[in-house]
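# Chains, contacts and geometry: an overview
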Amino acid sequence: GAGVSQSPRYKVAKRGQDVALRCDPISGHVSLFWYQQALGQGPEFLTYFQNEAQLDKSGLPSDRFFAERPEGSVSTLKIQRTQQEDSAVYLCASSLQREGGYTQYFGPGTRLTVL
Amino acid sequence: AQSVSQHNHHVILSEAASLELGCNYSYGGTVNLFWYVQYPGQHLQLLLKYFSGDPLVKGIKGFEAEFIKSKFSFNLRKPSVQWSDTAEYFCAVIPGSGGYQKVTFGTGTKLQVIP
């Protein structure tokens, strides 16, 4: 596709439910990033993949958050036992990395609301 | 850890007014700098970027930004705003000149242009 796509665009979960958020990066992009954007804030880094390797997960707020990219393309962010504080927009971005600078291209995000 | 400050949280301008949005970062070494824009209902898009060379960077839609190393600043400017520039603007920083580094975003500035 032409850009980064994410699904679902909106997700409502009851507290305690597990959710899975999907990201399809731009074809050929080596690097993939997940961010969490709370209301009124800028995106906050969660985790980074280079191909299938998760090289940095230091931004994941708790062990309830898990991300994978098993074949180096599509990535899934999973949140177990969701809490109200998990309500945010979850953004995915990808970059070519060898482009000569780390320009990241963002998807539309998934807005998660935990009731 | 590096941080990015955007002091103007909400700016209201009339059409044709000049715009300057402030961005300051805290990192003493080499930096890569970005401005992203998010139009209402759309995803984050790259407006312009600075990696090296001429500190005055020109981006899309008539925007420009100036990197002033001594002031740790990367302010965004536009001589004459249009109603269509109504959006939220995010400054972002990646420290270092090689290898993977995390992106740090500012909290964003909401620009409202009044016709």
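Just above sits the structure.
What counts, and where the lines are drawn
- Residues numbered from 1 in each chain as written.
- Chains lettered and ligands numbered in written order.
- Predicted model: local features only at pLDDT ≥ 70, side-chain atom pairs only at ≥ 80, totals over all residues.
- Heavy atoms only, no water.
- Contact = heavy atoms within 4.5 Å.
- Buried area = accessible area lost by both parts, 1.4 Å probe.
- Salt bridge = Lys/Arg side-chain N within 4 Å of Asp/Glu carboxyl O.
- Polar contact = N/O pair within 3.5 Å; in protein donor to acceptor, adjacent residues only side chain to side chain.
- Helix = DSSP H or I, 4+ residues; strand = E, 2+ residues; numbered from the N terminus.
- Nonpolar A, V, L, I, M, F, W, Y, C, P; charged D, E, K, R; others polar.
- Core = buried A, V, L, I, M, F, W, Y, C linked by side-chain atoms within 4.5 Å.
- Buried < 20%, exposed > 50% of the residue type's maximum accessible area, 1.4 Å probe, protein only.
- Disulfide = S-S within 2.5 Å.
- Pairing = 2+ DSSP bridges.
- Axes fitted to C-alpha atoms, helices over the stretch in contact; angles between N-to-C directions.

## Re the interface of chain A and chain B
- If you look at the interface, chain A gives 21 residues, while chain B gives 19 residues.
- Taken together, both faces of the contact between chain A and chain B bury some 1600 Å²; the carbon and sulfur share is 59%.
- Remark: the boundary between chain A and chain B carries zero salt bridges.
- Here chain A and chain B share two residue pairs in polar contact (both at pLDDT 80 or more) between them.
- Looking at the side of chain A that touches chain B, the elements that each hand over two or more residues are β4 (31-37) and β5 (44-50) of chain A.
- Counting residues per element, the side of chain A that touches chain B draws most heavily on β4 of chain A, at three residues.
- Taken together, the residues that form the side of chain A that touches chain B break down as nine nonpolar, ten polar and two charged.

## Considerations on the nonpolar core
- Formed by 28 residues in total, the largest nonpolar core has its most connected members in Leu33, Trp35, Leu47, Leu48, Phe74, Leu76 and Tyr89 of chain B.
- Counting 20 residues, the second-largest nonpolar core is a separate cluster that includes Val4, Leu21, Phe49 and Leu112 of chain A.

## Quick notes on the pattern of salt bridges
- Counting across every chain of the model gives seven salt bridges over all chains.
- For Glu68 of chain A, the salt bridge is made with Lys78 of chain A, and the minimal N-O distance between the two is 3.4 Å. Of the two residues, Glu68 of chain A sits in strand β7 (residues 65-68) while Lys78 of chain A sits in strand β8 (residues 75-79), which places them ten residues apart along the sequence.
- On the accessibility criterion, Glu68 of chain A (27% relative accessible area) is partly exposed.
- Taking the relative accessible area as the measure of exposure, Lys78 of chain A reaches 31% and is therefore partly exposed.
- Close ionic contact of Glu64 of chain B with Lys58 of chain B constitutes a salt bridge, the shortest N to O distance being 2.9 Å.
- With a relative accessible area of 62%, Lys58 of chain B lands in the exposed category.
- Connected through shared salt-bridge partners, Lys58, Glu64, Glu66 and Arg77 of chain B make up one network.

## A few points about the state of the cysteines
Residue and element names in this part refer to chain A.
- If you walk through the whole model with that rule in mind, you get two disulfides over all chains.
- Each sulfur of the disulfide joining Cys23 and Cys92 lies 1.8 Å from the other. Because the sign of the S-S torsion sets the handedness, a value of about -65 degrees for the bond joining Cys23 and Cys92 places this disulfide among the left-handed ones. Here Cys92 lies in strand β9 (residues 88-95) and Cys23 lies in strand β3 (residues 19-24), a separation of 69 residues in the sequence. Taken as a pair, Cys23 and Cys92 share a single burial class, namely buried.

## Here we look at the sheet that holds β8 of chain A
All names here are of chain A.
- Strand order in the open sheet made by the four strands is β1-β3-β8-β7, with antiparallel pairing throughout. A strand with exactly one partner marks an edge of an open sheet, and here the two such strands are β1 (5-7) and β7. Direction aside, the axes of adjacent strands within the sheet are offset by 15 degrees on average.
- Pairing geometry for β7 and β8, over four bridges, is antiparallel. Of the residues in β8, the one forming a bridge with Ala67 is Leu77.

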